[in-house]
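Residue-level structural notes
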Amino acid sequence: MKDMLLQVEPLIPALRRYARALVRNRANADDLVQDCLERAVSRWYQRRDGDVRAWLFTILHNLAINQFRQSASRGRHVPIDETSEDNFGEAAAQEQKLMVQDVLNKLARLPEDQRAVLLLVAVEDLSYADAAKVLNIPVGTVMSRLSRARERLQQEIEGIADNISTNVVPLRSEK
Amino acid sequence: MNHRPITEDDLHAYVDRVLEPERQAEVAAYLGDHPDVAKRVAAFSDQRDQLRAALAPIAEEPLPAELNLSRIIETSARRPSLARWAMAAMLLLSIGGLGGWAVRGALQASPGGLVALGQEAAVSYSVYAPDRVRPVEVRASDSAQLVQWVSDRLHRPVKVPDLTTSGYRLMGGRLVATSHGPAAMFMYDDDRGSRIVVLTRPMSSADQNAPMTPQSQGDVRGFAWADDGVGYSLVGHAAPESLRPIANEVRRQARPI
């Protein structure tokens, strides 16, 4: 258990960051990380050789996805606007906070699978191969999802996405 | 000098700074020549910087007590996890299974095949031995024909045991159906009208050889064994002590000369 402590403990802050960026709620996110750590402890000797970080992110990601599915089937989710800005980076200065909140709000508009890949690659510095393992998809899919995520986030940042979505609604209703 | 074409994947790898230095330089040169692509790539890099800056403070927060790993390890050691209960249950089940298997082996020497053979013999006995009209299909007087018939159907030479020295006279025999294919049944009786049945058939691959093993099904008792891929079972209503020497005699006669 000593080697586990040495290998896992330094990764907990990154796990918290990923969980919170994904589910956008501090309490939920920390619950997920706690679940993840409990599982990691009980399965430590069953894990296959390989990167401990990718292994932990896989456990955490699967827990988060299960939670998404459960709350989706209950018809309940945390609306973006309801999320208090207090959930994000309290250490940041006030004006920074606004900008920070902005990019995270925009990230939150992305589909969950695009958000996950962008966070794992661009924030958590997982290799494309490790991200593929965590998400259980081929590397090629990681690349195409990453590309779509970046294009989509750019549209959100430039305010194009809103125009697209407002254009889509009348088109559909005219049918 | 030919350069490999720049791909969309290269652009993302450039943003994520995971390219080999040489390739990184090639992409940078390409972006120098293509301002539109360079603008897009710069925007992606900006996103990356903004996201990292926005999320960095979370990793700086002090860990809450629930996320104290030493404590989680301690708790898990004290309270057996579901996985451990499952493992314990599996272990118990396998001990039970192995134990049962061992006991079965000790009692019967070979599982499945001999038991099945013994049951087939007992069922044949129950059906045909009480039959007053036609207990056998081919009578002892036509034993040559009987031997020919069952040998053909069992695809091997079958000898009819001679049990006159044990006080039993051959009545005849028949072919019987079993779930393991055709079997030859021979029926004998003694002077007091008590009957015994010998059933023989080829054994499945697992039970080529098995020592003599007592069998019983209801009040039909007897013994079963297998030699060189052929199984035998001798059953009757008589006491096992009196059947055992007869079974030994059948076995002795059936062995290849």
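Residue positions are counted from 1 within each chain, in the order its sequence is given. A letter from A marks each chain and a number from 1 marks each ligand, given out in the order of writing. Restriction of local features to residues with pLDDT of at least 70 applies here, the model being predicted, together with a cutoff of 80 or more for giving and counting side-chain atom pairs; totals for whole chains, interfaces and linings are based on all residues.

**A short note on the interface of chain B and chain A**
Once C-beta atoms are placed from the backbone, any two residues with those atoms within 7 Å are in contact. Contacts between the two partners involve 30 residues from chain B, matched on the other side by 37 residues from chain A. Numbering goes from the N terminus for both helices and strands, where a helix is a DSSP run of H or I of at least four residues and a strand is a run of E of at least two. At the level of secondary structure, the elements contributing two or more residues to the side of chain B that touches chain A comprise helix 1 (8-15), helix 3 (35-60) and helix 4 (69-78) of chain B. Sorting elements by how many residues they give to the side of chain B that touches chain A places helix 3 of chain B first, with 14 residues. Here the residues of the side of chain B that touches chain A sort into 17 nonpolar, 6 polar and 7 charged. Here the term charged refers only to Asp, Glu, Lys and Arg, the term nonpolar to Ala, Val, Leu, Ile, Met, Phe, Trp, Tyr, Cys and Pro, and the term polar to all other amino acids, Gly among them.

**A look at the sheet that holds strand 5 (residues 210-217) of chain B**
Residues and elements named next belong to chain B. Read from one edge to the other, the open sheet built from 7 strands follows the order 1-2-3-4-7-6-5, with strand pairing classed as antiparallel. Every interior strand has two partners, whereas the edge strands, strand 1 (138-139) and strand 5, have only one. Think of it this way: DSSP has to see at least two bridges between two strands before they count as a pair. With 6 bridges connecting them, strand 3 (residues 181-189) and strand 4 (residues 195-202) associate as antiparallel partners. Bridge pairing in strand 4 places Phe-186 opposite Val-198. Sitting on the sheet, helix 6 (residues 113-128) touches strand 2 (169-178), strand 3, strand 4, strand 5, strand 6 (220-227) and strand 7 (230-236), and the angle it makes with strand 7 is about 45°. For helices, the fitted axis covers only the stretch in contact; all axes are lines through C-alpha atoms, and the angles between them, taken along N-to-C directions, range from 0 to 180 degrees.

**Quick notes on the packing of helix 1 of chain B against helix 3 of chain B**
All names here are of chain B. At their nearest, the axes of helix 1 and helix 3 sit 9 Å apart, and the two run at 40° to each other. When the interaxial angle is binned, helix 1 and helix 3 end up oblique. The hand of the helix 1/helix 3 crossing is right-handed. Between helix 1, through Leu-11, Tyr-14 and Val-15, and helix 3, the contact on the second element is made entirely by Val-41, Phe-44, Ser-45 and Arg-48. Counted by class, the contact of helix 1 with helix 3 contains 5 nonpolar, 1 polar and 1 charged residues. An angle below 35 degrees is read as roughly parallel, one above 145 as roughly antiparallel, one from 65 to 115 as roughly perpendicular, and any other as oblique. By definition, any crossing whose near helix is turned counterclockwise from its far helix by less than a right angle is left-handed, and any crossing with a clockwise turn is right-handed.

**Quick notes on the confidence of the model for chain B**
All names here are of chain B. Per-residue confidence for chain B gives a mean pLDDT of 86; residues scoring 70 or more make up 85%. Along the chain, pLDDT gives the predictor's confidence residue by residue, from 0 to 100. The spread of mean pLDDT over the elements of chain B runs between helix 5 (residues 82-108), the lowest at 59, and helix 1, the highest at 96. In this model, residues 103-111 is a region of pLDDT below 50 whose contacts with residues beyond four sequence positions or in other chains number 10 contacts.

**Some words on the confidence of the model for chain A**
Residue and element names in this part refer to chain A. Chain-level pLDDT for chain A is 81 on average; 74% of the residues reach the 70-or-more range. The element-level mean pLDDT for chain A is lowest in helix 9 (residues 160-174), coming to 44, with helix 6 (residues 112-123) highest at 96. Counted against residues more than four places away or in other chains, residues 76-87, with its pLDDT under 50, gives 16 contacts. Overall, residues 163-175 carries pLDDT values under 50, and its contacts beyond four positions in sequence, including any with other chains, amount to 0 contacts.

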